[in-house]
Amino acid sequence: MTTELYGTENPRAHIIYPKIARPEELMAKLKIAAFYLGVVVFWLIVASIYRGFGRSWIIPAVSVMWIAGAVTAFVARNDEENTTRETRWVILGFLGFLLIYRSILPFIVPLSSAQMAAALDINIPAVSGAAIAGMLQSVLLLASVLTPVGFLIWCGQKIRQFHGRRSRQAVFERVKGVKRAMRGDDQ
Amino acid sequence: MTISEILQSVLVFHVNAFYGLIFFFQANFFLLLGLPAAVYLAWVEIRAKSVLSADDKRRVT
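All values derive from a computational prediction rather than experimental measurement. Chains are numbered independently. Their residues run from 1 in the order of the written sequence. Chains and ligands are labelled sequentially in the order written, the chains with letters from A and the ligands with numbers from 1. Only residues with pLDDT of at least 70 are given local features in this predicted model, and only at 80 or more are side-chain atom pairs given and counted; all residues enter the totals for whole chains, interfaces and linings.

How should the overall build of chain A be read in this particular structure?
Where helices and strands are cited, they refer to DSSP runs of H or I of at least four residues and of E of at least two residues respectively, numbered from the N terminus. A count of helical and extended segments in chain A gives 6 helices and 0 strands. Starting at the N terminus and walking to the C terminus, you meet the elements of chain A as α-α-α-α-α-α. We call a residue exposed when 12 or fewer other C-beta atoms sit within 10 Å of its C-beta, buried when the count reaches 20 or more, and partly exposed for counts in between; the C-beta positions come from the backbone. Out of the 187 residues in chain A, the part that is buried amounts to 20%. Note that contacts rest on C-beta atoms placed from the backbone: two residues are in contact if these are within 7 Å. In chain A, 59% of the contacts between residues at least 6 apart in sequence involve partners at least 24 apart.

Structure, rendered in structure tokens:
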């Protein structure tokens, strides 16, 4: 009976899952939903803090990250759970960096060149104040552009790896089929 | 306050909220693309969670 049931091609077809979710399962699902909701709200808050930059760059960039994660999870089905988890953590980290950067800046920027020169005990020209402002802007642009780009590259390599694995599996199946045919038990 | 006044205020409130949403999504157009993707990801993870926590010792993966 057991071999009759489980010796078939697809053992999953005979497995029955419980229809009603247990409390801990329901709690886990609610936690996941709350996490996603929290990330989306955090996304909107950070974008509104950054005003024009948020509207013109942070919302599109994070949208592209969500879409890339969804496409990767849809295409590379064997690893969809890890893809979703990594997507939400990368987005949360990206937004967290932007928020921390924005909240630390007001403490650093008011320091004058003379104060910095005294703190570092080196000669800093007065014009370096403008250079610092430019550097802060560059850091923001680099971090906010390179993080989504890096994430897209990661998604791309994941999809590529999945296709490679699938084609390798197809080759194995073909070789097995040839061997079966040579043995004469080809069905 | 009559019933028609209450209905009118409810109508005005909802039309206002509706136009507010439209203007919001017009200003942040990419949200319309990003939010469904986020919902899809949440759905995938919730679905995976329900399979993993099913109380079935015979699960073969």
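The structure having been displayed, the exposition proceeds.
Before we go on, may I ask you to explain helix α6 (residues 128-183) of chain A in this structure?
Think of an α-helix as 3.6 residues a turn; residues three or four steps apart then line up on the same face. All names here are of chain A. Expected helix span is given by 1.5 Å per residue-to-residue step, counting one fewer step than there are residues. Helix length check: α6 (56 residues) gives 80 Å between terminal C-alpha atoms against 82 Å at 1.5 Å per residue, within 8%. When we look at burial in α6, the residues that qualify are Ser144, Thr147, Pro148, Phe151, Cys155 and Lys158. Packed against the buried residues of α6 are α3 (51-75) and α4 (80-108). Downstream of α6 by a residue or two, Gly184 has a phi angle that is positive, lying close to 95 degrees.

Please explain the nonpolar core as it appears in this structure.
If you look at soluble globular proteins, the nonpolar side chains tend to sit buried side by side. Grouped together as the largest cluster of nonpolar side chains are 31 residues, with contacts concentrated most on Ile58, Val62 and Trp66 of chain A together with Leu41 of chain B. Among the elements of the structure, α2 (23-49), α3, α4 and α6 of chain A together with α2 (31-52) of chain B are those that each provide at least two residues to this core. Among the elements that take part in this core, α3 of chain A stands out by supplying 10 residues, more than any other. Setting aside residues up to four positions removed in sequence, Leu41 of chain B forms contacts with Trp66, Gly69, Ala70, Ala73, Thr84, Thr87 and Arg88 of chain A. Residues of type Ala, Val, Leu, Ile, Met, Phe, Trp, Tyr and Cys that are buried and joined through C-beta atoms within 7 Å form what is called a nonpolar core.

I would appreciate a short explanation of the confidence of the model for chain A in the present structure.
Do not read the predicted coordinates in detail wherever pLDDT is low. Predictor confidence is given residue by residue as pLDDT, running from a minimum of 0 to a maximum of 100. On average, residues of chain A carry a pLDDT of 86, and 87% of them reach 70 or more. Of all secondary-structure elements in chain A, the lowest mean pLDDT belongs to helix α1 (residues 2-6) of chain A, at 51, while α3 of chain A reaches the highest, 95.

I keep staring at the packing of α3 of chain A against α6 of chain A and nothing clicks. Help me out?
How two helices pack is summed up by the angle between their axes together with the distance between the axes. Residues and elements named next belong to chain A. The angle between two axes is taken between their N-to-C directions and runs from 0 to 180 degrees, where each axis is a line fitted to C-alpha atoms and a helix contributes only its stretch in contact. Look at α3 against α6: their axes get within 10 Å of each other, and the N-to-C directions meet at 10 degrees. If you check the angle between α3 and α6, you find them roughly parallel. Residues Trp57, Ile58, Ala61, Val64, Met65, Ala68, Gly69, Thr72 and Val75 of α3 lie in contact with α6, whose contacting residues are Ser144, Pro148, Phe151, Leu152, Cys155, Lys158, Ile159 and Phe162. Residue classes in the contact of α3 with α6 are distributed as 13 nonpolar, 3 polar and 1 charged. Angular relationships are summarised with four words: roughly parallel below 35 degrees, roughly antiparallel beyond 145, roughly perpendicular across 65 to 115, and oblique for the angles in between. Each residue gets one label: Ala, Val, Leu, Ile, Met, Phe, Trp, Tyr, Cys and Pro are nonpolar, Asp, Glu, Lys and Arg are charged, and the others, such as Gly, are polar.

Help me understand the environment of Leu99 of chain A, please; the structure alone is not making it clear to me.
Along the chain, Leu99 of chain A falls in helix α4. Note: C-alpha distance between Leu99 of chain A and Arg160 of chain A (61 residues apart in sequence) is 33 Å.

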